[in-house]
Amino acid sequence: MAVLMSGCSSDDSAQGKAWQEEYCDKLGSWQHEVHARTANTESAGEAAIYASKKLDKAGLEHGGTRILDDTVNAIAGDTGAEGRAVSYCDSAGFEASVESVG
C-alpha cells in the first residue's frame, strides 16, 4: 500500500521518517565502505537498495526524484545519481548520515 507524505496520519509520517532515516544511514554506510575500499561494499550497496525500495513503494520521493533508480545507479558508480541520493537525504533532514559528493 502506498503512503503519501501529504495527508497521512502522524503514525504514517513517523514511519516515513524512520524509513528515510534508515535509507540515509544505509546510503552513508555504503559510501563509507566504498571510500574505505572494504570487502563489505557489495552488501552495503544491497542494503541501501533494499531501503530505497521501501521509499519507492511508499511514495516517499520528493522533488521529482526516483530514489530507487538513483540508488541503483549510484551503487553502479554513477556519481550524478549518488549526488541526487545525497541531496534526497539532505532535504529529508538526514544530511549527517551521508557524505557530500563533489
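Look up a bit, the structure's there.
A brief structural summary. Quick caveat: nothing in here was measured; it's all calculated off a predicted structure.

Topic: the environment of leucine 27
- On the secondary structure map, leucine 27 appears in helix 1 (residues 10–36).
- Put simply, leucine 27 and serine 97 are 70 residues apart on the chain and 7.9 Å apart in space, counted from C-alpha to C-alpha.
- Those residues within four positions of leucine 27 in sequence are excluded, and the remaining contacts are Ala48, Ala85, Val86, Cys89 and Val98.

Here we look at the pattern of salt bridges
- Across all of its chains, the model carries five salt bridges by this definition.
- Residue glutamate 22 is joined to lysine 54 by a salt bridge in which the shortest nitrogen-to-oxygen separation is 2.8 Å. On the criterion of sequence distance, the pair formed by glutamate 22 in helix 1 and lysine 54 in helix 2 (residues 41–58) is long-range, its members being 32 residues apart.
- A relative accessible area of 24% means that lysine 54 is categorised as partly exposed.
- Here arginine 66 ties to aspartate 69 by a salt bridge, and the two come within 3.6 Å at their closest N and O atoms.
- Each of Asp56, Glu61, Arg66 and Asp69 takes part in one network of salt bridges that share partners.

Here we look at the packing of helix 2 against helix 3 (residues 67–75)
- Where helix 2 contacts helix 3, the two axes come as close as 8 Å, and the packing angle between them is 170 degrees. Considered as vectors, helix 2 and helix 3 are oriented roughly antiparallel to each other. Two secondary-structure elements touch here, helix 2 through Gly45, Ala48, Ile49, Ser52, Lys53, Leu55 and Asp56 and helix 3 through Ile67, Leu68, Thr71, Val72 and Ile75.
- In terms of residue class, the contact of helix 2 with helix 3 is made up of seven nonpolar, three polar and two charged.

Brief notes about the packing of helix 3 against helix 4 (residues 79–92)
- The contact between helix 3 and helix 4 brings their axes to 7 Å, and the two run at 130 degrees. Taken together, the axes of helix 3 and helix 4 lie oblique to each other. Between helix 3 and helix 4 lies a crossing of left-handed hand. Within the contact between the two elements, helix 3 uses Ile67, Asp70, Asn73 and Ala74 and helix 4 uses Ala81, Glu82, Arg84, Ala85 and Tyr88.
- By residue class, the composition of the contact of helix 3 with helix 4 is five nonpolar, one polar and three charged.

Thoughts on the nonpolar core
- Within the largest apolar cluster, 19 residues are counted, with the highest numbers of intra-cluster contacts made by Tyr23, Leu27, Tyr88 and Cys89.
- Those elements that provide at least two residues to this core are helix 1, helix 2, helix 3 and helix 4.
- Looking at this core, the element that brings in the most residues is helix 4, giving six residues.
- Not counting residues up to four positions away in its chain, the partners in contact with tyrosine 23 are Ala48, Ala51, Ser52, Leu55, Ile67, Thr71, Ala85, Tyr88 and Cys89.

Examining the state of the cysteines
- The final tally for this structure, using the stated rule, is one disulfide.
- Two residues, cysteine 24 and cysteine 89, share a disulfide whose sulfurs are 2.2 Å apart. Of note, the bridge from cysteine 24 to cysteine 89 carries an S-S torsion of about -105 degrees and is left-handed in sense. Within this pair, whereas cysteine 24 is found in helix 1, its partner cysteine 89 is found in helix 4, the two being separated by 65 residues in sequence.

Definitions and limits used
- Residues numbered from 1 in each chain as written.
- Predicted model: local features only at pLDDT ≥ 70, side-chain atom pairs only at ≥ 80, totals over all residues.
- Heavy atoms only, no water.
- Helix = DSSP H or I, 4+ residues; strand = E, 2+ residues; numbered from the N terminus.
- Contact = heavy atoms within 4.5 Å.
- Salt bridge = Lys/Arg side-chain N within 4 Å of Asp/Glu carboxyl O.
- Buried < 20%, exposed > 50% of the residue type's maximum accessible area, 1.4 Å probe, protein only.
- Axes fitted to C-alpha atoms, helices over the stretch in contact; angles between N-to-C directions.
- Parallel < 35°, antiparallel > 145°, perpendicular 65-115°, else oblique.
- Nonpolar A, V, L, I, M, F, W, Y, C, P; charged D, E, K, R; others polar.
- Left-handed = near helix turned anticlockwise from the far one by under 90°.
- Core = buried A, V, L, I, M, F, W, Y, C linked by side-chain atoms within 4.5 Å.
- Disulfide = S-S within 2.5 Å.

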